[in-house]
Amino acid sequence: MDPRLSLALKYYDQGLPDAAWHTVHDLARAADPPREALHLAAVLCLEIGHHGEALTFADRLIAGNAADADAQVLRGQALRELGRFDEALAALTHAGTLRTPDAALHFNLGLLHHRAGRIKESETAYRASLALHPDQAGAWNNLGLLYDDAGQPGAACEAFATSIALAPGVSATHNNLGAALAGQGRYIAAAAAHAKALEIDPHNIAARINLGVAQLEQGAVDDARRTFDAALAQGPLNRHAADNRLYLDIYVETDPAKICAHHRAWGHELHLPVPPAPHAARKPLKLGYMSADFRRHSVSFFVEELLRHHDPREVEVHAYSDVVQPDDVTARLRKMTPHWHDVAAWDDERLRAAIRETGIDVLVDLAGHTNGNRLSVFAKRAAPVQVSALGYPATTGVSAMDYRLCDAVTDPPGSEIYTTEELMRLHALHCFTPPENAPAVSPLPLRARGYVTFGSFNKLAKIGDRTVRLWAGILNAVPGARLVLKTKPLVEEDTCAALRRRFAAHGIDAARLDLRGWEPGDQGHLAAYGEIDIALDTFPYNGTTTTCEALWMGVPVVSLAGRGHAARVGASLLTSVGLRAWCASKEDEIQAIVDTAISDPQTLAGLRAVLREQMRASRLCDGLTYTRDLESAYRAMVE
């Protein structure tokens, strides 16, 4: 055996793939290397991410022996990592004709189908692998990932638990379990799983970031800030850590100048953008929307109307869907979009190249720093004009992002100093698509109960100390009033207990709080608004979808307008629907709004009865006018 091959095999057995590759690569690239060297080189390239070269080595193995099933498997693995799923499936299927399919082959088929988004086929393959070898911790882990992507967190937790029982010392599996627990709203349990992952491997930055997310979702903002800061100290260039740390600011920071400064500083860390391509102001404009949220997600409520009403004479619409697991909303949006591109499996360079090849004139980001964003594509200038819209309530900090959509309420004159993009003000920033088959608006609960019921269905992370103090002040001023809070983390009693303690610090008895976890179905969720007289908005990060849902169910919303975009969305929505008087500009105005409303139950009941139709007739639901306004804005950006 060639001594280089022998040494490389020793390095590989010791878990040192980089050293093994450094030792064997010259031998493997020679004109007539040993087959063992080619095989090892292909395996190593797959492990260290050199997928194109892994394919080359696998093809050389097959050229020397077309019946080499292991080489066909290696070829399939390389093609899978390159996103060439049909070719990968052909290679793995051919391998199955060359040898009796074993657990490893079924495992690779499961991984391939999963990457390609074929959930049923992937589950079948993983189950076949486990039927042959039930003690595969890796297969159970991958099955858990599959269930998690398919929106089955309960099944995912069971699979991860099985994997952990078989191999308790694998940090990544504990981290995956935490993510699945979070999908059920069990953020305390999730945090414990992520902490265990870090105990096993303190360098697992993904677990550290997920721990911060779990803390933030519980409302433990200070803990989350410390965790994200630790993640950034561990990986200063880690995009996920930076995204979460920047997003956290919006939940608590009332000074928009500080939010902008932090985003601007992050943007300076990016590479300089590629200069824009030459561009003519043609008709129709080629317009691209980029999002991982073309699915059952709050963003979809605000993009559906514009996708439905775009004028094909003015714009040629392309949707770049980064959705991992499409659903019924994805299917609906796809039907109304002329050019749909599923890009979840594409890396940034492939995506950027496709956008430039298509000749997109205006590329619109719907994510900002939220989960699944592709700001790195925008940072390298994928289109001549790039726009931040709807999905993120602050500046992105990306120097290549040219415009940010807003209106005169979210970003009044003078707000230009709080953004790195040029502000493009629409007549109204949001256009809401009402939920289908929403329950009928119920009578005013106050009349039947004899006491006022306030409510908020916003994320617990938005219910910071200032919001708790404001809401407790309202409850203290309205004897007998109750407060219904409904959000995913409240499925855990410990989270409920912590929230009750926060209100108790302001003199609010636990009996006045009705705490509920999230409900999976739209009907039950919307019907819960029937128990609410008046909804309370969060501050300094206002609700958006929750405000629109409350209004649609006949429930007026009391909001407080602050200085930055995120703290003025409530004012914008209420202005659009004709309820600007329900928005306070100072804290001491909130109680006056509440007192006026509850002092006249008849007027409050009358508003409840007409609010849905008032909203339907308002510009908040006028999709056609909104879309024409937006098309004019796009044209102005180009010209």
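Refer to the structure presented above.
Bear in mind that the values here come from a model prediction, so they are computed numbers and not experimental data. Each chain carries its own residue numbering, running from 1 in the written order of its sequence. A pLDDT threshold of at least 70 governs which residues receive local features in this predicted model, and a stricter bar of 80 or more applies before side-chain atom pairs are shown or counted, although totals over entire chains, interfaces and linings include all residues. Only hydrogens and water are set aside when side-chain values are computed; all heavy atoms of the structure are taken into account.

**Some details on empty space enclosed by the protein**
Worth spelling out the cut-off: With a 1 Å grid laid over protein atoms only, a set of points is called a cavity when a 1.4 Å probe fits there but cannot get out and a pocket when it is open yet has protein on both sides within 12 Å along at least five of seven lines; lining residues have an atom within 4 Å of a point. Grid points are joined across faces, edges and corners, and a volume is the space filled by probe spheres set on the points. In this text, helices come from DSSP runs of H or I with a minimum length of four residues, and strands from runs of E with a minimum of two, each type numbered from the N-terminal end. Following the grouping adopted for this structure description, the nonpolar residues are Ala, Val, Leu, Ile, Met, Phe, Trp, Tyr, Cys and Pro, the charged ones are Asp, Glu, Lys and Arg, and the polar ones are all others, Gly among them.
Counted according to the given criterion, the structure contains 4 cavities of 30 Å³ or more. Taken together, 20 residues line the largest cavity, and the ones lying closest to its centre are Pro 256, Ile 259, Gly 564, His 565 and Ala 566. In terms of residues, the lining of the largest cavity owes the most to one element, helix 16 (residues 256–267), which gives 3 residues. A class-by-class count of the residues in the lining of the largest cavity yields 10 nonpolar, 6 polar and 4 charged.

**Details of the environment of His 25**
Quick reminder of the rule: Any pair of N or O atoms that falls within 3.5 Å is considered a polar contact. Within protein, one atom must be able to donate a hydrogen and the other to accept it, and sequence-neighbouring residues count only if both atoms are side-chain atoms.
Tracing the chain through its elements places His 25 in helix 2 (residues 17–28). The spacing of His 25 and Gln 215 is 190 residues in sequence and 45 Å in space, taken between C-alpha atoms. Reaching out from His 25, the side chain makes a polar contact with the backbone oxygen of His 22 at a distance of 3.4 Å.

**Quick notes on the nonpolar core**
Note the following rule: Here the nonpolar core consists of buried residues drawn from Ala, Val, Leu, Ile, Met, Phe, Trp, Tyr and Cys, with membership extended through side-chain atoms lying within 4.5 Å. For every residue, the accessible area obtained with a 1.4 Å probe (protein chains only) is divided by the maximum for its type, and the residue is called buried under 20%, exposed over 50%, and partly exposed between those limits. Throughout, a residue-residue contact means that at least one pair of heavy atoms, one from each residue, lies within 4.5 Å.
Core analysis: the biggest nonpolar cluster contains 69 residues, and Phe 454, Leu 483, Leu 485, Phe 503, Trp 582 and Met 615 have the highest contact counts within it. Among the elements that make up this core, the one with the highest residue count is helix 22 (residues 465–477) (6 residues). Setting aside chain neighbours within four positions, we find Leu 485 in contact with Ser 456, Ile 463, Trp 471, Leu 490, Leu 499, Phe 503, Asp 514, Leu 515 and Arg 516. Counting 39 residues, the second-largest nonpolar core is a separate cluster that includes Leu 216, Ala 241, Ile 250 and Met 290.

**Here's the deal with the sheet that holds strand 11 (residues 534–536)**
Let me state the cut-off plainly: For two strands to count as paired, DSSP must find a minimum of two bridges between them. Fitted lines through C-alpha atoms give the axes, limited to the stretch in contact for helices. The angle between two N-to-C directions lies from 0 to 180 degrees.
Taken in spatial order, the 6 strands of this open sheet run 10-9-8-11-12-13, and their pairing is parallel. Looking at which strands have only one partner, the edges of the open sheet turn out to be strand 10 (513–516) and strand 13 (583–584). Bridging between strand 11 and strand 12 (residues 557–560) involves 2 bridges; their strand directions are parallel. For Leu 536, the partnering residue across the bridge sits in strand 12 and is Val 558. In this fold helix 22 packs onto strand 8 (453–456), strand 9 (482–486), strand 10, strand 11 and strand 12, with an angle of close to 150° to the strand it touches most, strand 9.

**Some remarks on the packing of helix 13 (residues 205–217) against helix 14 (residues 221–234)**
This is how the line gets drawn: Each angle gets one of four labels, with under 35 degrees taken as roughly parallel, over 145 as roughly antiparallel, 65 to 115 as roughly perpendicular, and the rest as oblique. In this scheme the crossing of two helices becomes right-handed for a clockwise turn of the near helix relative to the far one and left-handed for an anticlockwise turn of less than a right angle.
Relative orientation of the contacting elements helix 13 and helix 14 amounts to 165°, with a least axis distance of 8 Å. Relative to helix 14, the element helix 13 is oriented roughly antiparallel. In terms of crossing hand, the pair formed by helix 13 and helix 14 is left-handed. Contacts between helix 13 and helix 14 involve Ile 205, Arg 208, Ile 209, Leu 211, Gly 212, Val 213, Gln 215 and Leu 216 from the first element and Val 221, Asp 223, Ala 224, Thr 227, Phe 228, Ala 230, Ala 231 and Gln 234 from the second. Per-class residue counts for the contact of helix 13 with helix 14 are 10 nonpolar, 4 polar and 2 charged.

**Re the sheet that holds strand 6 (residues 403–407)**
Spatial strand order, 3-2-1-4-5-6-7: 7 strands in an open sheet with parallel pairing. Looking at the sheet topology across the chains shown, the edges are occupied by strand 3 (339–342) and strand 7 (422–426). Each strand axis lies, on average, 25° off the axis of its neighbour in the sheet, ignoring direction. Across 2 bridges, the pairing between strand 5 (residues 385–388) and strand 6 is parallel. Residue pairing for strand 6: Ser 388 is matched across the bridge by Arg 404. Sheet strands touched by helix 29 (residues 623–638): strand 1 (285–291), strand 2 (315–321), strand 4 (362–365), strand 5, strand 6 and strand 7. Its angle to strand 7, the strand with the most contacts, is close to 150°.

Read these as spatial facts, not as claims about activity.
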